[in-house]
Amino acid sequence: MPDPILYGPESEVFNDYAVVSPAPGNPGSGGPVAYRHVRPFGTQLVLQDGRKFRFAASGGSTLVIGNLLSAGVLTASQQDLTPAAAAVGARQVSLTTGASSAINLFAEGYLQASVTPGIGQTYKIAGHLLMTSGAGDLINLAPGHQVREAITTSTRFNLVDNPYSRVIQIPATTVASISVGVAVSAPVTLRGCWIQTRGVCGVLGSGTLIAGNVVGPGLGTGGAVGPIAAHATQPIIGWAVFASA
């Protein structure tokens, strides 16, 4: 298994990586996770001074250094899905999907039950074949996971991509997903990269920042942090080290 935490040189955080080639195939029932990049999404890298980074992949456009990033927007048509019945111990879940999705698009992501029976259960996804927008699309559960509570056709599932897959600049107005980190390099589309999540970091600012005050997404400027006016739409990202306009 890959190390959950890496300790590396300063230079590593500026590297970016191509997707794995050839791409991993469908792992099947009980198979390993189909990792699409050189490291699992979310792998943590810690530098000697305590700064922390997570391994991610850029989304639909080149990342901008110093931009605050968010997870990609979830596919609405892949939520509230009906499964086939499955007993405790099953390593696969059969779904009636709502959209076509490429092979292993949700690998390293999560299958989350939102309607009883089984409500609240979250399973990590090992991989899947091409989804065809209909009944019979099989989701292979990751090693260590099996159906923990019997599911029926009354259960509903959401397909949730790994939040570090296909990260994007946080929008200027409506934030549509969680904040995940700050870009420290400028990888092009779908390149693997490190994003900073802790410690002193240069981030685009919006509005007047006061030293020592908390900052959140700077609504009005894409990729920025700014003063917090409403916690509902501006969760705390960190603290301003010095005042700036």
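Everything below is about the structure printed above this text.
For the structure given in this document, a descriptive report is provided here. Model, not experiment: these values are computed from the prediction.

### Here's the deal with the sheet that holds strand S19 (residues 238–239)
Working step 1: Across the sheet, 3 strands lie side by side as S18-S17-S19; this open sheet has antiparallel pairing. Each of the sheet's edge strands pairs with one partner strand only, and the pair in question is strand S18 (225–227) and S19.
Working step 2: As paired strands, strand S17 (residues 214–217) and S19 are joined by 2 bridges and run antiparallel to one another. Paired with Val-215 across the two strands is Gly-238, which belongs to S19.

### What about the packing of aromatic side chains?
Working step 1: In the structure shown here, the tally under the stated rule is 2 aromatic pairs.
Working step 2: Ring plane angle 75° and centroid distance 5.3 Å describe the contact between Phe-55 and Trp-194, whose orientation is recorded as edge-to-face. With Phe-55 in strand S4 (residues 52–57) and Trp-194 in strand S16 (residues 192–198), the pair connects residues that are 139 residues apart, well separated along the chain.
Working step 3: Given a relative accessible area of 0%, Phe-55 falls into the buried group.
Working step 4: Assessed through its relative accessible area of 1%, Trp-194 is described here as buried.
Working step 5: What links up through ring pairs into an aromatic cluster is the set Tyr-17, Phe-55 and Trp-194.

### Looking at the sheet that holds strand S12 (residues 137–141)
Working step 1: With antiparallel pairing, 6 strands are arranged side by side in an open sheet as S6-S7-S12-S10-S9-S13. Looking along the sheet, the strands with just one partner apiece sit at the ends: strand S6 (82–83) and strand S13 (156–160).
Working step 2: Looking at chain direction, S6 and strand S7 (residues 92–96) are connected through 2 bridges and run antiparallel. Directly across from Thr-82, in S7, lies its bridge partner Thr-96.

### Focus: the nonpolar core
Working step 1: Counting 20 residues, the largest nonpolar core has Phe-53, Leu-69, Val-180, Trp-194 and Ile-195 as the members making the most contacts within it.
Working step 2: Sorting the residues of this core by element identifies S4, strand S15 (179–183) and S16 as the ones contributing at least two each.
Working step 3: The greatest single-element share of this core, amounting to 4 residues, is contributed by S4.
Working step 4: Not counting residues within four places of it along the chain, the set of residues in contact with Val-180 comprises Leu-69, Ser-70, Ala-71, Pro-163, Tyr-164, Val-167, Ile-195 and Thr-197.

### A few points about the environment of Glu-10
Working step 1: As for its placement among the helices and strands, Glu-10 is situated in the loop between strand S1 (5–7) and strand S2 (16–17).
Working step 2: Separated by 38 residues in sequence, Glu-10 and Gln-48 place their C-alpha atoms 8.6 Å apart.
Working step 3: Setting aside residues up to four positions removed in sequence, Glu-10 forms contacts with Leu-47, Asp-49 and Arg-51.
Working step 4: A distance of 2.6 Å separates the side chain of Glu-10 from the side chain of Arg-51, its partner in a polar contact.

### Remarks on the layout of surface pockets
Working step 1: As a volume, the largest pocket reaches approximately 700 Å³.
Working step 2: What lines the largest pocket is a set of 25 residues, and nearest its centre among them are Gly-199, Cys-201, Val-203, Gly-238 and Trp-239.
Working step 3: Mapped onto the lining of the largest pocket, the elements with two or more residues apiece are S15, S16 and S19.
Working step 4: If you tally residues by element for the lining of the largest pocket, the top one is S15, at 4 residues.
Working step 5: In terms of residue class, the lining of the largest pocket is made up of 15 nonpolar, 9 polar and 1 charged.

### Some thoughts on the side chain of Ser-101
Working step 1: Mapped onto the secondary structure, Ser-101 falls in strand S8 (residues 100–101).
Working step 2: Under the relative-accessibility criterion, Ser-101 is labelled buried at 5%.
Working step 3: Of the polar contacts made by the side chain of Ser-101, one reaches the side chain of Gln-78; its length is 3.0 Å.
Working step 4: Dropping the residues within four chain positions of it, Ser-101 is found in contact with Gln-78, Phe-106, Leu-129, Leu-130 and Met-131.

### With respect to the environment of Ser-61
Working step 1: Within the element layout of this structure, Ser-61 appears in the loop between S4 and strand S5 (68–70).
Working step 2: With a relative accessible area of 48%, Ser-61 lands in the partly exposed category.
Working step 3: Separated by 38 residues in sequence, Ser-61 and Ala-23 place their C-alpha atoms 21 Å apart.
Working step 4: Look past the residues within four positions of Ser-61 in its chain and what remains in contact with it is Pro-187 and Thr-189.

Reading guide: rules and limits
Residues numbered from 1 in each chain as written. Predicted model: local features only at pLDDT ≥ 70, side-chain atom pairs only at ≥ 80, totals over all residues. Heavy atoms only, no water. Pairing = 2+ DSSP bridges. Helix = DSSP H or I, 4+ residues; strand = E, 2+ residues; numbered from the N terminus. Phe/Tyr/Trp six-rings, centres within 6.5 Å; stacked < 30°, edge-to-face > 60°. Buried < 20%, exposed > 50% of the residue type's maximum accessible area, 1.4 Å probe, protein only. Core = buried A, V, L, I, M, F, W, Y, C linked by side-chain atoms within 4.5 Å. Contact = heavy atoms within 4.5 Å. Polar contact = N/O pair within 3.5 Å; in protein donor to acceptor, adjacent residues only side chain to side chain. 1 Å grid on protein atoms, 1.4 Å probe; cavity = no way out; pocket = protein on both sides within 12 Å on 5 of 7 lines; lining within 4 Å. Points joined across faces, edges and corners; volume = space filled by probe spheres on them. Nonpolar A, V, L, I, M, F, W, Y, C, P; charged D, E, K, R; others polar.

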